[in-house]
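This is what each chain is made of:
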There are 2 protein chains.
Amino acid sequence: MLTNPRADRVKAVRALSRRSSRERAGRFVAEGPQSVREAVRYAPADVVDLYADPAAATRHADLLAEARAHGIRVHPASSDVLAAMTETPTHQGLLAVCHIPGPGPDPLGEILASGPRVLAFLTHVRDPGNAGTVIRAADAAGVDAVLLSEGSVDVHAPKVVRSTAGSLFHLPVVTGLPVPATLDRLRDHGIHTLAADGAGSTLLPDADLRGPHAWVFGNEAWGLPPEVRARCDDVVRVPILGRAESLNLATAATVCLYASSGVGVVTSSPGSSVQFPGD
Amino acid sequence: MLTNPRADRVKAVRALSRRSSRERAGRFVAEGPQSVREAVRYAPADVVDLYADPAAATRHADLLAEARAHGIRVHPASSDVLAAMTETPTHQGLLAVCHIPGPGPDPLGEILASGPRVLAFLTHVRDPGNAGTVIRAADAAGVDAVLLSEGSVDVHAPKVVRSTAGSLFHLPVVTGLPVPATLDRLRDHGIHTLAADGAGSTLLPDADLRGPHAWVFGNEAWGLPPEVRARCDDVVRVPILGRAESLNLATAATVCLYASSGVGVVTSSPGSSVQFPGD
């Protein structure tokens, strides 16, 4: 049982809350039962070490057994050690150190080759909670992969990982993509690119979501620059019925992605006669 | 021009970041151009004082003129004073101190008398960002009023006000409501109560959203307790297509509220033949 909160091993885990340490070590941390469970279930080969305090070891005995069956090293640790390893004030007694999966030579190419129906492309998204929430919503809406542009938040930052609630381990996430070249490449592969923007001329219920398409979302504060909107096939806005100026990034993205899900939660109705304020 | 960041007046504004001070003073703070603009436009009688640093006074001269035309006192202040008044690290040079509107003898009764079509009822919601985001989404989706139960976050906390992006001034928000009595009262007024819960047996596209109805949302961590779900007319879940366990509160609420908006972004299709994972 690890009991010394000042041990080097503990400090090394704690250091992974910094981007520079993550890049140097090639590792990141998943905290709490939900994230750890999804890591063990969907990416066991990437889980390097699992730490559990006595209470969590009892409560999540099945999960620890599953981890051991995958050959993952499970380390009993005191609650103080768990607290020293994480940046959250109230840790939940479970923490996994995971490999940052090395991207193949062309991760976007792999996704395009798989014939995706819906993609989400986050460009210059900076807020960790927003990025994580969109990855979670993309998973829930059945999106095939999430792309992030260069200049976006690091998806392995603790707050992003937490906000994804395990979805980071569920679907492919490709990072560091240049915006114009990626939009061109999507189009070359027959994927319709839809910029989501409050300035869009097409209302969401009128957008053509039948074929393969990629939603393009901008920064939470300044949105999508005109040159990016111009490079997309269409610019689509979520209808606003009240006096709000807009939705925030995560909620707007969720409405768009559910519109694409085809579950009947959103209809694509070209020629809809519904009238919106401002029309 | 106010230039002393340690002046009593500055400390008094800063103190409004604490709930006890807000309750004692009956005032709260709206920060930044968007919130201040919506306060001046939609609740000018509640704006007590407006503070602007030189840069903001130049950039938002129209807004300050509009405020003065409403009889609002506009105080020039240094950027240091603005920084000392607010808890945000990067203030935007504008801040309004507003009256917390005194509720009438029966605020829920007033809303029921107005014949609402869609209501959102947040029960025991604790996270300020979630609460504010739902109020903003409710505004965008054309919801008639937002209700909050007793035991929920204070809607006048700075982080809630910021997250509403001005929507706090756009639609009626009633707070401190007891959950069971409020559900009963909604039903007595012919308002269908729909619990939003991942354990719901009715899928969102199959929910009956035609008549007046109220969405009931639970705490971000533990959801809705069984006795609250049992007291609602229906328990509805947002379809999950991928491997995610759920959506977070704000995104799930947004999908539900847009389903109710009738803009064609979500269809109500009883008897839909679409199949969902888990069906």
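- Named according to an unreviewed UniProt entry, chain A is Putative rRNA methyltransferase originating from Nostocoides japonicum T1-X7.
- In its Sequence similarities (unreviewed entry) section, the UniProt record describing chain A reads: "Belongs to the class IV-like SAM-binding methyltransferase superfamily. RNA methyltransferase TrmH family."

## Section: the pairing of strand 11 (residues 234–237) of chain A
All names here are of chain A.
Step number 1: Relative to strand 11, strand 8 (residues 192–196) runs parallel, the two being bridged by three bridges. Counterpart to Ala-196 in the pairing with strand 11 is Val-236.
Step number 2: Bridge analysis of strand 9 (residues 202–203) against strand 11 gives two bridges, and the strand direction is parallel. Directly across from Thr-202, in strand 11, lies its bridge partner Val-236.

## As for the relation of the copies chain B and chain A
Step number 1: Overlaying chain B on chain A yields an RMSD of 0.0 Å, the required transformation being a rotation through 180° with an accompanying axial translation of 0.0 Å. In short, the pair behaves as if placed about a two-fold rotation axis.
Step number 2: When the interface residues of chain B are mapped onto chain A, 100% of them again lie at the interface, so the same face is used by both copies.

## Side note on the interface of chain B and chain A
Step number 1: Counting residues at the interface gives 39 residues for chain B and 39 residues for chain A.
Step number 2: Here chain B meets chain A over a buried area of about 3100 Å², counting both sides, of which 60% is carbon and sulfur.
Step number 3: Linking chain B to chain A there are two salt bridges.
Step number 4: Put simply, Arg-37 of chain B and Glu-245 of chain A hold a salt bridge, and the shortest N to O gap is 3.7 Å.

## A short note on the UniProt feature "domain: RNA 2-O ribose methyltransferase substrate binding" (unreviewed entry) in chain A
Step number 1: Within the UniProt annotation, "domain: RNA 2-O ribose methyltransferase substrate binding" (unreviewed entry) is assigned to residues 29–104 of chain A.
Step number 2: Between the C-alpha atoms that bound residues 29–104 of chain A the distance is 22 Å, and the span itself is 43% helix and 25% strand.

## Quick word on the domain arrangement of chain A
All names here are of chain A.
Step number 1: Annotation of chain A at the domain level lists domain 1 (8–99) and domain 2 (107–260).
Step number 2: Each of domain 1 and domain 2 was reduced to a C-alpha centroid, and the two centroids are 29 Å apart.
Step number 3: Taken residue by residue, the interface counts 16 residues in domain 1 and 14 residues in domain 2.
Step number 4: The contact between domain 1 and domain 2 buries some 1200 Å² in all, and 60% of this surface belongs to carbon and sulfur atoms.
Step number 5: There are two salt bridges connecting domain 1 and domain 2.
Step number 6: Between Glu-31 and Arg-162 there is a salt bridge; the shortest N-O distance is 3.4 Å.
Step number 7: For the pair domain 1 and domain 2, the number of links is four residue pairs in polar contact (both at pLDDT 80 or more).
Step number 8: In terms of residue count, the dominant contributor to the side of domain 1 that touches domain 2 is helix 3 (residues 32–42) (five residues).

## Section: the side chain of Thr-164 of chain B
Step number 1: Looking at the secondary structure, you find Thr-164 of chain B in helix 9 (residues 158–164).
Step number 2: Beyond its immediate stretch of four places on either side in the chain, Thr-164 of chain B contacts Gly-132, Ile-135 and Arg-136 of chain B.

## Description of the sheet that holds strand 5 (residues 118–122) of chain A
All names here are of chain A.
Step number 1: The strand order across the open sheet built from seven strands is 7-6-5-10-8-11-9, with neighbouring strands paired in parallel fashion. Two strands lie at the open edges of the sheet, namely strand 7 (173–177) and strand 9, each paired on one side alone.
Step number 2: Contacting strand 5, strand 6 (145–149), strand 7, strand 8 and strand 10 (213–217), helix 10 (residues 179–188) runs over the sheet at an angle of about 170° to strand 5.

## Observations concerning the side chain of Arg-22 of chain A
All names here are of chain A.
Step number 1: Relative to the elements of secondary structure, Arg-22 occurs in helix 2 (residues 19–25).
Step number 2: Here Arg-22 falls in the buried class, since its relative accessible area comes to 3%.
Step number 3: For Arg-22, the residues in contact, after removing those within four places along its chain, are Leu-16, Ser-17, Arg-27, Phe-28, Ile-100, Asp-154, His-156, Ala-157 and Pro-158.

## Focus on the sheet that holds strand 4 (residues 94–99) of chain B
All names here are of chain B.
Step number 1: The strand order across the open sheet built from four strands is 1-4-2-3, with neighbouring strands paired in mixed fashion. Every other strand in the sheet has two partners, leaving strand 1 (27–31) and strand 3 (73–76) as the edge strands with one partner each. Put simply, the sheet's adjacent strands are angled 20° from each other on average, direction ignored.
Step number 2: The pairing of strand 2 (residues 47–52) with strand 4 spans five bridges and is classified as antiparallel. Following the sheet pairing, Ala-52 is matched in strand 4 by Leu-94.

## What to know about helix 5 (residues 61–69) of chain B
Residues and elements named next belong to chain B.
Step number 1: Within the span of helix 5, buried status applies to Leu-63, Leu-64 and Ala-67. Buried residues of helix 5, viewed axially, fall in a sector of 100°; they line one side. More than 90 degrees from the buried face of helix 5, the exposed residues found are Asp-62 and Ala-69.
Step number 2: Those residues of helix 5 that are buried are in contact with helix 3 (32–42), strand 2, helix 4 (54–59), strand 3 and strand 4.

## Observations regarding the packing of helix 3 of chain A against helix 5 (residues 61–69) of chain A
Residues and elements named next belong to chain A.
Step number 1: Where helix 3 meets helix 5, the axes come as close as 10 Å, and the angle between the chain directions of the two elements is 30°. One element, helix 3, and the other, helix 5, form an angle in the roughly parallel class. In this structure, the crossing between helix 3 and helix 5 has a hand that is left-handed. Taking contact as the criterion, the partners of Pro-33, Val-36, Arg-37, Val-40 and Arg-41 in helix 3 are, on helix 5, Leu-63, Glu-66 and Ala-67.
Step number 2: Its residues assigned to classes, the contact of helix 3 with helix 5 comprises five nonpolar, no polar and three charged.

Thresholds applied
- Every residue gets a number counted from 1 within its own chain, in the order that chain's sequence is written.
- Each chain is given a letter, starting from A, and each ligand a number, starting from 1, according to the order in which they appear as written.
- Where totals are concerned, whole chains, interfaces and linings use all residues; where local detail is concerned, this predicted model gives features only for residues with pLDDT of at least 70, and gives and counts side-chain atom pairs only at 80 or more.
- Only hydrogens and water are set aside when side-chain values are computed; all heavy atoms of the structure are taken into account.
- UniProt positions are given in the numbering used here, feature names are shortened, and annotations may be inferred rather than shown by experiment.
- We call two strands paired when DSSP finds no fewer than two bridges between them.
- Strands here mean DSSP runs of E at least two residues long; helices mean DSSP runs of H or I at least four residues long; both are numbered from the N terminus.
- A least-squares superposition brings the copies together, and it is based on the C-alpha atoms of residues with pLDDT no lower than 70 in both.
- By the convention used here, residues are in contact when the closest approach between their heavy atoms is within 4.5 Å.
- Summed over both partners, the accessible area lost on bringing two parts together, with a 1.4 Å probe, is the buried area.
- Basic side-chain nitrogens of Lys or Arg form a salt bridge, by our definition, when they fall within 4 Å of a carboxyl oxygen of Asp or Glu.
- Those domain boundaries reflect an automatic or database domain assignment.
- Nitrogen and oxygen atoms within 3.5 Å of one another constitute a polar contact, given that in protein one can donate a hydrogen and the other can accept it, and given that sequence-neighbouring residues count only through two side-chain atoms.
- The convention used is that axes are lines fitted to C-alpha atoms, helices contributing only their stretch in contact, and that angles between N-to-C directions extend from 0 to 180 degrees.
- Only protein chains enter the accessibility calculation, which uses a 1.4 Å probe; a residue is then buried when its area is under 20% of its type maximum, exposed when over 50%, and partly exposed in between.
- Working definition: the arc comes from the directions between the helix axis and the C-beta atoms, pointing outward to the latter.
- Throughout, the term roughly parallel applies to angles under 35 degrees, roughly antiparallel to angles over 145, roughly perpendicular to angles from 65 to 115, and oblique to all others.
- Left-handed describes a crossing whose near helix is turned anticlockwise from the far helix through less than a right angle; right-handed describes the clockwise counterpart.
- Here the term charged refers only to Asp, Glu, Lys and Arg, the term nonpolar to Ala, Val, Leu, Ile, Met, Phe, Trp, Tyr, Cys and Pro, and the term polar to all other amino acids, Gly among them.

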